[in-house]
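Survey of secondary and tertiary structure
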Amino acid sequence: MSVRRVVPNVRSEAAGENREFYGLLGFEEVMNHGWIMTLASPSSPTAQISFMADDKTAPVTPDMSVEVDDVDAVYAAVRKSGAEIIHPLQDEEWGVRRFFVRDPNGRVVNVLGHR
């Protein structure tokens, strides 16, 4: 298993204002589904930040997203560990397979892989 990127998820209703502010720092919009917008550095595309009003298909808004190369293997390892699964493993309509787990600090982590 390997990590491809880690993205902080900021709960916000101000997507436009965030796009403008973080644009001053060099970020550009790379994804916008209305309820979630992701900005990335053009020179380092895995340097990203997401702004989320609410998660469209999950019960909570995650604090961060971790993209992995094998989400099924990570899910099996997390379940075996006894960690609290917040949102079960499932395929989403926008092309990711994901689940949410609570970390030891109480933060919710969205673990995903692109299909």
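Presented here is a report on the structure given in the accompanying data block.

Thresholds, definitions, all that
- Residues numbered from 1 in each chain as written.
- Predicted model: local features only at pLDDT ≥ 70, side-chain atom pairs only at ≥ 80, totals over all residues.
- Heavy atoms only, no water.
- Helix = DSSP H or I, 4+ residues; strand = E, 2+ residues; numbered from the N terminus.
- Contact = heavy atoms within 4.5 Å.
- Core = buried A, V, L, I, M, F, W, Y, C linked by side-chain atoms within 4.5 Å.
- Buried < 20%, exposed > 50% of the residue type's maximum accessible area, 1.4 Å probe, protein only.
- Pairing = 2+ DSSP bridges.
- Axes fitted to C-alpha atoms, helices over the stretch in contact; angles between N-to-C directions.

So, the environment of Pro42
Its place among the elements puts Pro42 in the loop between strand 3 (36–40) and strand 4 (48–52). For Pro42, the residues in contact, after removing those within four places along its chain, are Gly26 and Glu28.

Things to note about the nonpolar core
One finds Val66, Val68, Val71, Val74, Tyr75, Val78, Leu89, Phe99, Val101, Val109 and Val111 forming the largest nonpolar core, which totals 11 residues. Among the elements of the structure, strand 5 (64–68), helix 2 (71–81), strand 7 (96–102) and strand 8 (108–114) are those that each provide at least two residues to this core. No other element matches the four residues that helix 2 contributes to this core. Contacts of Tyr75, omitting those with residues within four sequence positions, involve Ile85, Pro88, Leu89 and Phe99.

Structural notes on the sheet that holds strand 2 (residues 28–32)
Across the sheet, eight strands lie side by side as 2-3-4-1-5-8-7-6; this open sheet has mixed pairing. Each end of this open sheet is capped by a strand with a single partner; those strands are strand 2 and strand 6 (85–91). On average, adjacent strands in this sheet sit at an angle of 25° to one another, irrespective of strand direction. Bridge count between strand 2 and strand 3: four bridges; the pairing is antiparallel. Across the sheet, Met31 pairs through a bridge with Thr38, a residue of strand 3. Each of strand 2, strand 3 and strand 4 is contacted by helix 1 (residues 15–23), which is oriented at about 5° to strand 3, the strand it contacts most. Sheet contacts for helix 2: strand 5, strand 6, strand 7 and strand 8; angle to strand 7, the most-contacted strand, approximately 20°.

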